[in-house]
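Okay, here's what each chain looks like letter by letter:
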Amino acid sequence: MFFYEFMKRLFLLLLLLFGFSLLFNNWNQTELHFWNSPSGQELDFNRISANSKTHSIIVSPDEKITTEVFQKSHKSVVNIVTTSLGMNYWRQLIPQQGQGTGFVIDRKGYILTNHHVVDNARKISVTLVSGEKVDALLIGIDPTSDLAIIKIPKRYVTHIAELGDSDKIKVGQKAIAIGNPFGLSHTLTTGIVSALKREIQDKGATLSDLIQTDTAINPGNSGGPLLNSSGQVMGVNTAIFSISGGYQGIGFAIPINRAKTVATQIILGRNNQYTSL
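Report follows, based on the coordinates. (Residues numbered from 1 in each chain as written. Predicted model: local features only at pLDDT ≥ 70, side-chain atom pairs only at ≥ 80, totals over all residues. Heavy atoms only, no water.)

Some thoughts on the packing of aromatic side chains
The geometry of an aromatic ring pair is captured by two quantities: the separation of the ring centres and the angle between the planes. Convention followed: By convention, a stacked pair of Phe, Tyr or Trp rings (six-membered ring in the case of Trp) has centres within 6.5 Å and planes under 30 degrees apart, an edge-to-face pair has planes over 60 apart, and any other such pair is tilted. Look at NZ for Lys and CZ for Arg. If either is within 6 Å of the ring centre and within 35 degrees of the ring normal, a charge sits over the ring.
On inspection of all chains with the given rule, the structure shows zero aromatic pairs. Residue placement shows K151 over the ring face of Y110; its charged tip is 5.7 Å from the ring centre.

Structural notes on the pairing of strand β11 (residues 233-240)
Quick reminder of the rule: Buried, partly exposed and exposed residues are distinguished by accessible area as a fraction of the type maximum, computed with a 1.4 Å probe on protein chains only: under 20%, between the cut-offs, and over 50%, respectively. Runs of E in the DSSP output that reach at least two residues are strands. Runs of H or I that reach at least four are helices, and both are numbered from the N terminus. Strands are labelled as partners when DSSP assigns at least two bridges between them.
In terms of residue burial, β11 counts as a mostly covered element, since seven of its eight residues are buried. Alignment of strand β10 (residues 225-227) against β11, held across three bridges, turns out to be antiparallel. Residue P225 lies in a different strand from β11, and its bridge partner there is V236. Between β10 and β11, which pair antiparallel and follow one another directly, the connecting turn spans five residues, one of which, G231, has a positive phi of 80 degrees. Here β11 runs beside strand β12 (residues 251-255); their pairing, made up of five bridges, is antiparallel. Residue pairing for β12: N237 is matched across the bridge by A253.

Let's talk about the pairing of strand β9 (residues 205-213)
Relative to β9, strand β8 (residues 187-202) runs antiparallel, the two sharing six bridges. For I200, the partnering residue across the bridge sits in β9 and is L207. Bridge count between β9 and β12: three bridges; the pairing is antiparallel. Bridge pairing links I211 to A253 in β12.

Side note on the sheet that holds β8
Strand-to-strand pairing in sheets goes through backbone hydrogen bonds, with the strands running parallel or antiparallel. Applied cut-off: Under this scheme, a helix contributes an axis fitted over its contacting stretch, all axes are lines through C-alpha atoms, and angles between N-to-C directions fall in the 0 to 180 degree range. Contact criterion: two residues are considered in contact whenever any of their non-hydrogen atoms come within 4.5 Å of each other.
Read around the closed barrel, the six strands follow the order β7-β8-β9-β12-β11-β10; overall the barrel is antiparallel. Neighbour-to-neighbour, the strand axes of the sheet open up by a mean angle of 55 degrees, direction not taken into account. Strands in contact with helix α3 (residues 61-73) are β7 (174-179), β8 and β10; relative to β7, the strand with the most contacts, it is inclined by about 40 degrees. Set on the sheet, helix α5 (residues 256-267) makes contact with β9, β11 and β12; between it and β12 the angle comes to about 50 degrees.

Looking at the nonpolar core
Condition: Residues grouped as a nonpolar core are buried Ala, Val, Leu, Ile, Met, Phe, Trp, Tyr and Cys residues, joined through side-chain atoms within 4.5 Å.
Membership of the largest hydrophobic core comes to 26 residues, with the highest contact counts inside it found for F103, I105, L112, L147, I149, V236 and I256. Where this core is concerned, the elements lending two or more residues are β3 (110-113), β6 (147-151), β7, β9, β11, β12 and α5. No other element matches α5, which puts five residues into this core. When sequence neighbours within four positions are dropped, the list of residues in contact with L147 reads L112, T113, N114, H115, I141, D142, V236, I254, A259, V262 and I266. Grouped together as the second largest cluster of nonpolar side chains are 18 residues, V78, V117, L138 and I150 included.

Looking at unusual backbone geometry
Here H186, not a glycine, exhibits a phi torsion of approximately 55 degrees, which is positive. For H186, a relative accessible area of 13% puts it in the buried group. For K197, which is not glycine, the phi torsion reads 60 degrees and is therefore positive. Among the structural elements, K197 can be located in strand β8.

Things to note about the environment of I178
Assignment of secondary structure puts I178 in strand β7. Sequence separation between I178 and V78 is 100 residues; the distance between their C-alpha atoms is 9.6 Å. Discounting chain neighbours no more than four positions away, the residues touching I178 are F70, S73, H74, V77, T101, H186, T187, L188, N221, G224, P225 and L227.

So, in structure tokens, the structure goes:
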């Protein structure tokens, strides 16, 4: 009986010593939770510095150009979703969707994009900057230059892109792309004009006199504008050079002067590649 009481007291003593040891080793955490727990406003990162009220955010000239170009130009850029027919493993016809970019060039609702964006499309849907979806009509295509014109009702047009003069482009000048890579609407990327008068082979066709840029261009950017520092369109993004299938620093755009000529011919019905849904 005496031994039992002794062991019981010893166990309680050891348990008490263990508890004090644990409390001492974690004293800082215990003190924080029970006595000195700060309020949210007492945390340094939540305090408003007195200096931050007087110091404005520093914006570099380059940042200012980029933000102004986006504000000026992005409302004329649209997301294009196409539906075409393809065959599955059992050779059954099934609908397939594709994505690209375009931009409004006329208040009548004409939109410039790439031919390969709308090629074989049975249905074309345009998503405006407001998020509103509008069915579009295919006016005409020019596979040789990889350009196409689609049209939406003019009542949906709120902004049109300002087209520049691609003959005045110089290597090294700023290049800004706005598009819908992987369906991510109105994504902006920046770079420079890397070279001029490039020629590439694309699906058996030769595209020449292209603008080369290191601006990030990915699937979904096709048909979108390549802009200068004034927010003027200097090219239509059309292709990339890539081993992986994604951006690797080499993209190509069709000069806007050529695009204006082709667009005029398509709209006026003078292009023999004219087609309509």
